[in-house]
Amino acid sequence: MLKMIEAVLLDLDGTLLRFNQEVFVRAYFKELKKVFVKLNVDADVAVNAVWAGTKTMALNDGSVLNSERFWHTFSKQMNLYGQQLKTVEDACNSFYQNEFSSLKTILPPDGNDIGQRIVNTLKKRGVITVLATNPLFPECAIATRLSWIGLEVGDFHLVTSYSNCRYCKPNLKYYTEIFKTIAKAPEQCLMAGNNSSEDMCVGVLGTKTFFVAEYPEYQEGKCFPSDHRGTLAELEEFLQSI
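In this text the structure is predicted, and so the values were computed from the model without any measurement. (Residues numbered from 1 in each chain as written. Predicted model: local features only at pLDDT ≥ 70, side-chain atom pairs only at ≥ 80, totals over all residues. Heavy atoms only, no water.)

**Quick look at the layout of surface pockets**
Now for step 1: The calculated volume of the largest pocket comes to roughly 900 Å³.
Now for step 2: Lining the largest pocket are 38 residues, with Gln21, Thr54, Asn134, Leu136 and Phe137 sitting closest to its centre.
Now for step 3: Each residue belonging to the lining of the largest pocket can be placed in one class, and the counts come to 22 nonpolar, eight polar and eight charged. (1 Å grid on protein atoms, 1.4 Å probe; cavity = no way out; pocket = protein on both sides within 12 Å on 5 of 7 lines; lining within 4 Å. Points joined across faces, edges and corners; volume = space filled by probe spheres on them. Nonpolar A, V, L, I, M, F, W, Y, C, P; charged D, E, K, R; others polar.)

Structure, rendered in structure tokens:
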């Protein structure tokens, strides 16, 4: 079966990027608040609006892009429209391209080259690589996080972001859209990630799964079994069998 794998989907946070999600979220919002303060916007209210926008993306029904869903909700929550809203969006994008990099310090001191080796090896072998990160961020934020481990958006055949997706994990339509884009059947793909629900759920479609267990995330009552499990280094070794 493994010889039939023609595409590998890789999660980012907690998988290629080796860190605890809760630690990341705390550090992220601490820095993001500074953006709103500079704009003379109530930072606490703005953070609540970000959470509200994130929730609407997670529940997106596919009628609009996640980015549209997010900014529509944020706009209503903050009562910001037109140029005022664009100013906030531009400031956030600038943050993701600059100050956001300060969060790199949460990465462990070693082992951060494994993800780069995995992707480069897959590329050399002609395997389609997809960065299947939950599409809650703009591409510029994803590009910055990839740079922490020596990778670029261009290293992947597809990078899911809030600007090119209409669904989020664990909605299976998120995955079916990926399979459609890369023109592969679910059975021809492998998904590697650290979330027992969001990443492993794709196994229902017949996709092979590898649970990266270094920084595991479990959701009570929503855990899906995986075909394989191990560390990121063990995933690298495992992929040699494809």
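**Some words on the pattern of salt bridges**
Now for step 1: Applying the stated criterion across every chain, the model contains 13 salt bridges.
Now for step 2: The partner of aspartate 11 in a salt bridge is lysine 169, and the shortest N-O contact between them spans 3.0 Å. Taken as a pair, aspartate 11 in the loop between β1 (7-10) and α1 (21-38) and lysine 169 in the loop between β3 (158-159) and α7 (172-182) lie far apart in primary sequence, 158 residues in all.
Now for step 3: You can call aspartate 11 buried: its relative accessible area is 6%.
Now for step 4: A relative accessible area of 3% places lysine 169 in the buried class.
Now for step 5: Among the charged side chains, a network of salt bridges with common partners joins Asp11, Lys169 and Asp199. (Salt bridge = Lys/Arg side-chain N within 4 Å of Asp/Glu carboxyl O. Helix = DSSP H or I, 4+ residues; strand = E, 2+ residues; numbered from the N terminus. Buried < 20%, exposed > 50% of the residue type's maximum accessible area, 1.4 Å probe, protein only.)

**Some thoughts on the packing of aromatic side chains**
Now for step 1: For the structure on display, the rule yields 22 aromatic pairs.
Now for step 2: Their ring planes at 75 degrees and their centres at 5.3 Å tell us that tryptophan 71 and phenylalanine 74 sit as a pair that is edge-to-face. Of this pair, tryptophan 71 and phenylalanine 74 both sit in helix α3 (residues 66-78), separated by three residues, roughly a single helical turn. In this structure, tryptophan 71 and phenylalanine 74 share a single accessibility class: buried.
Now for step 3: Ring centres of phenylalanine 95 and phenylalanine 100 lie 5.6 Å apart, and the angle between their planes is 50 degrees; this geometry places the pair in the tilted category.
Now for step 4: Put simply, the rings of Phe19, Phe24, Tyr28, Phe29, Trp51, Phe95, Tyr96, Phe100, Phe137 and Trp148 touch in pairs and so form one group of aromatic residues.
Now for step 5: It is arginine 145 that lies over the ring of phenylalanine 137; its NZ or CZ is 4.7 Å from the centre. (Phe/Tyr/Trp six-rings, centres within 6.5 Å; stacked < 30°, edge-to-face > 60°. Lys NZ or Arg CZ within 6 Å of the ring centre and 35° of its normal.)

**Some remarks on the pairing of strand β5 (residues 208-212)**
Now for step 1: Counting buried residues along β5, four of its five residues qualify, which places the element largely inside the surrounding structure.
Now for step 2: Here strand β4 (residues 189-193) runs beside β5; their pairing, made up of four bridges, is parallel. Paired with methionine 191 across the bridge in β5 is threonine 209.
Now for step 3: For β5 and strand β6 (residues 228-230), the ladder comprises three bridges, and the chain directions are parallel. Within β6, the residue paired with phenylalanine 211 across the bridge is arginine 229. (Pairing = 2+ DSSP bridges.)

**Here we look at the packing of helix α4 (residues 82-97) against helix α6 (residues 139-147)**
When two helices pack together, their arrangement is given by the angle between their axes and by how far apart the axes lie.
Now for step 1: Packing of α4 against α6 brings their axes to within 8 Å, and their N-to-C directions diverge by 10 degrees. The pairing of α4 with α6 is recorded here as roughly parallel in orientation. Each of Asn93, Tyr96 and Gln97 in α4 lies in contact with α6, whose residues at this interface are Cys140, Ala141 and Thr144. (Axes fitted to C-alpha atoms, helices over the stretch in contact; angles between N-to-C directions. Parallel < 35°, antiparallel > 145°, perpendicular 65-115°, else oblique. Contact = heavy atoms within 4.5 Å.)

**Thoughts on the environment of serine 67**
Now for step 1: With respect to the secondary-structure elements, serine 67 resides in helix α3.
Now for step 2: The spatial distance from the C-alpha of serine 67 to the C-alpha of tyrosine 174 is 15 Å, given a sequence separation of 107 residues.
Now for step 3: Those residues in contact with serine 67 that lie beyond four places of it in its chain are Tyr162 and Ser163.

**What to know about the sheet that holds β4**
Now for step 1: Across the sheet, which stays open at both edges, the six strands sit in the order β3-β2-β1-β4-β5-β6 with parallel pairing between neighbours. Only two strands of the sheet have a single partner each, and these edge strands are β3 and β6.
Now for step 2: Relative to β3, strand β2 (residues 128-131) is paired through two bridges, and the arrangement is parallel. Residue pairing in the sheet places valine 130 in a bridge with leucine 158 of β3.
Now for step 3: Each of β1, β2, β3 and β4 is contacted by α7, which is oriented at about 140 degrees to β1, the strand it contacts most.
Now for step 4: Across the sheet, helix α8 (residues 232-239) touches β1, β4, β5 and β6, and the angle it forms with β5 is around 150 degrees.

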